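A structural walkthrough
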Amino acid sequence: MDRLKGVSVGIPTYNGWRRILDLLENLRQRTGPGVPYEIVVCDDSGNRDHRARVRTACERYGAKYIEHERNSGVAASWNSLVRANTREVSVLLNDDVLVAPDWLDYLHYAITE
């Protein structure tokens, strides 16, 4: 499969919908327009209420949402996120991090140059 230019930012979460909100807002504020990117969130909670909250957050921020019907562990989430990637580079972030300004420009340069 031909991949699109740019980066797929994958974020696994387990009962972290509030952290997802914070991270998605942080990504919106600190990711510049220089590198095309997509955001994919994988909910591994297996909890219906949690999945609904994460799905709503993803819709609000334009992130792709995938879910596991039951908790399968973070490694299964990583695998799902990499399989969902449509870009030339995959980056995995925990749901409890915040990024620096223009973080993706620097990361993409370091990986591709």
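As a reminder, the structure under discussion sits directly above these lines.
**Here we look at helix 3 (residues 74-84)**
Looking only at helix 3, the buried set comprises Ser77, Ser80, Leu81 and Ala84. Viewed along the axis of helix 3, the buried residues span an arc of 100°, placing them on a single side of the element. The inward-facing, buried residues of helix 3 abut strand 1 (4-13), strand 2 (37-43), strand 3 (64-67) and strand 4 (87-92).

**Description of the sheet that holds strand 4**
Within a sheet, adjacent strands bond to each other through the backbone by hydrogen bonds, running parallel or antiparallel. Taken in spatial order, the 4 strands of this open sheet run 3-2-1-4, and their pairing is parallel. Here the strands that pair on one side only, and so sit at the sheet edges, are strand 3 and strand 4. The average undirected angle you get between the axes of adjacent strands in this sheet is 25°. Docked against the sheet, helix 1 (residues 17-30) engages strand 1 and strand 2, running at close to 155° with respect to strand 1. Against the sheet, helix 3 touches strand 1, strand 2, strand 3 and strand 4, its axis set at about 145° to strand 2.

**Considerations on the side chain of Asn26**
Looking at the element boundaries, Asn26 is found in helix 1. The buried category is assigned to Asn26, whose relative accessible area is 7%.

Conventions used here
Residues numbered from 1 in each chain as written. Predicted model: local features only at pLDDT ≥ 70, side-chain atom pairs only at ≥ 80, totals over all residues. Heavy atoms only, no water. Buried < 20%, exposed > 50% of the residue type's maximum accessible area, 1.4 Å probe, protein only. Helix = DSSP H or I, 4+ residues; strand = E, 2+ residues; numbered from the N terminus. Arc of directions from axis to C-beta. Contact = heavy atoms within 4.5 Å. Pairing = 2+ DSSP bridges. Axes fitted to C-alpha atoms, helices over the stretch in contact; angles between N-to-C directions.

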